Amino acid sequence: MNFTDIQIERYSRHIILKDVGVEGQIKLLEGKVLVVGAGGLGSPAALYLAAAGVGTIGIIDNDVVDITNLQRQIIHTTPDINRPKVISAKEKIEKINPDVKVKTYHELLTTDNINDIFSEYDFILDGTDNFPTKFLINDACVLSGKSFSHGGIIKFDGQTMTYTPGNTCYRCVFNSPPPKGLVPSCSQAGVLGSVAGILGTIQATEALKYLTGIGELLTNRFLIFNALSMSFRSVHFNRNENCPVCGINPTITELKLEEMPVCDL
Amino acid sequence: MATFNLDITKEHCPMTFVKTKIQLAKIAKDDILEVLVTEGEPLENIPKSSTEQGFEILGIENLHDNIYKIRIKK
């Protein structure tokens with residue numbers, strides 16, 4: 001493909017990079033990433049993916065913008081209150097970069113639609129706010145051989161890992177959702193807005209690395225950070241042979257949504 | 001092995017190297033790109049950046065006044 005003069009200027013700082021270059025930018029423009037949840041994590045992630053020139057960005061979210069979202073969900077603005085998050089996000093992405101084709105899904109991600117939607121994308125970015133959907137994304141990706149970035153935040157803490165087929169999955173580390181009441185929801189516990197920005201931006205970086213094939217992904221390890229001490233550590237996890245979805249004798253062979261209360265990110 | 005030409009005498013940093021990289025991406029391995037540059041930043045940085053990114057500088061020649069030709073092998 002040939003870049004237009006405008007594209008050459010827009011992506012000049014990528015093209016200069018040895019590890020991205022012309023070839024990498026073409027991969028980004030041909031890349032397809034689905035952002036699940038246009039919330040705290042999905043907002044910064046979608047903005048950076050759009051700016052980077054990821055050619056197709058899908059956004060799935062069934063919610064509308066609420067004033068309590070605006071403290072951290074930076075793709076939405078005050079005039080967007082009560083508008084569907086996917087529409088608000090699509091408008092911002094198109095303003096940032098007209099090269100990007102945005103596909104919106106104003107619906108919940110469910111066992112019924114997940115495989116059809118995921119099949120259209122190269123990489124999935126989990127920006128969800130609840131454990132059942134996080135496990136559903138993991139299981140759908142493991143069973144269909146799709147790569148994804150897991151992310152979670154609460155208070156001043158964040159964690160993220162990247163799954164690619166053959167490596168440690170989310171269920172290898174966390175067998176099933178925590179029991180009700182053990183983990184407070186974000187509406188109970190709170191979250192520093194910028195923590196969402198840090199984590200979502202790391203997830204976007206993983207997506208960009210995946211699409212361009214550069215660097216080392218966060219596979220087989222969790223990156224965990226605390227904003228108060230501003231400390232980051234990376235914890236290695238091997239694959240779990242007893243993992244219910246990717247282990248030797250898997251008990252999960254079809255998709256099922258786990259029961260858990262939701263948390264409003 | 002073919003030789004290609006690029007004139008970046010009207011460009012400014014970083015577009016000088018951006019345009020050079022785009023042209024280098026279009027040609028085949030072992031092809032040669034002859035880049036016309038002006039004295040100063042491009043003359044200093046195009047050879048340096050090209051070498052850092054794995055290309056070979058075959059020679060630099062002063063054509064006239066402040067115009068130079070850098071020969072880069074992919």
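Scroll up a little and you will see the structure.
Below, the structure is looked at part by part. (Residues numbered from 1 in each chain as written. Chains lettered and ligands numbered in written order. Predicted model: local features only at pLDDT ≥ 70, side-chain atom pairs only at ≥ 80, totals over all residues. Heavy atoms only, no water.)

### Points about the interface of chain B and chain A
(1) Moving on: Contacts between chain B and chain A engage 12 residues on the former and 13 residues on the latter.
(2) Moving on: Taken together, the two surfaces of chain B and chain A that pack against each other cover about 980 Å², and 74% of this comes from carbon and sulfur.
(3) Moving on: Taken together, the connections running from chain B to chain A amount to 0 salt bridges.
(4) Moving on: Viewed at the interface, chain A and chain B are joined by 4 residue pairs in polar contact (both at pLDDT 80 or more).
(5) Moving on: Among the elements that make up the side of chain B that touches chain A, the one with the highest residue count is helix 1 (residues 15-26) of chain B (8 residues).
(6) Moving on: Taken together, the residues of the side of chain B that touches chain A sort by class into 6 nonpolar, 2 polar and 4 charged. (Contact = heavy atoms within 4.5 Å. Buried area = accessible area lost by both parts, 1.4 Å probe. Salt bridge = Lys/Arg side-chain N within 4 Å of Asp/Glu carboxyl O. Polar contact = N/O pair within 3.5 Å; in protein donor to acceptor, adjacent residues only side chain to side chain. Helix = DSSP H or I, 4+ residues; strand = E, 2+ residues; numbered from the N terminus. Nonpolar A, V, L, I, M, F, W, Y, C, P; charged D, E, K, R; others polar.)

### Examining a nonpolar patch on the surface
All names here are of chain A.
(1) Moving on: A cluster of nonpolar side chains, Phe156, Leu192 and Leu228, forms an exposed patch at the surface whose accessible area comes to about 270 Å².
(2) Moving on: If you trace the backbone, Phe156 turns up in the loop between strand 5 (147-154) and strand 6 (157-163).
(3) Moving on: Take Phe156: its relative accessible area is 30%, and that puts it in the partly exposed class. (Patch = residues over 30% accessible without salt bridge, like charges linked within 9 Å, V, L, I, M, F, W, Y side chains within 5 Å. Areas by Shrake-Rupley, 256 points an atom, 1.4 Å probe, with all protein chains shown as cover. Buried < 20%, exposed > 50% of the residue type's maximum accessible area, 1.4 Å probe, protein only.)

### A short note on the side chain of Ser147 of chain A
Residue and element names in this part refer to chain A.
(1) Moving on: Mapped onto the fold, Ser147 is located in strand 5.
(2) Moving on: Note on Ser147: relative accessible area 1%, which makes it buried.
(3) Moving on: A polar contact of 3.4 Å, which involves the side chain of Ser147, links it to the side chain of Tyr210.

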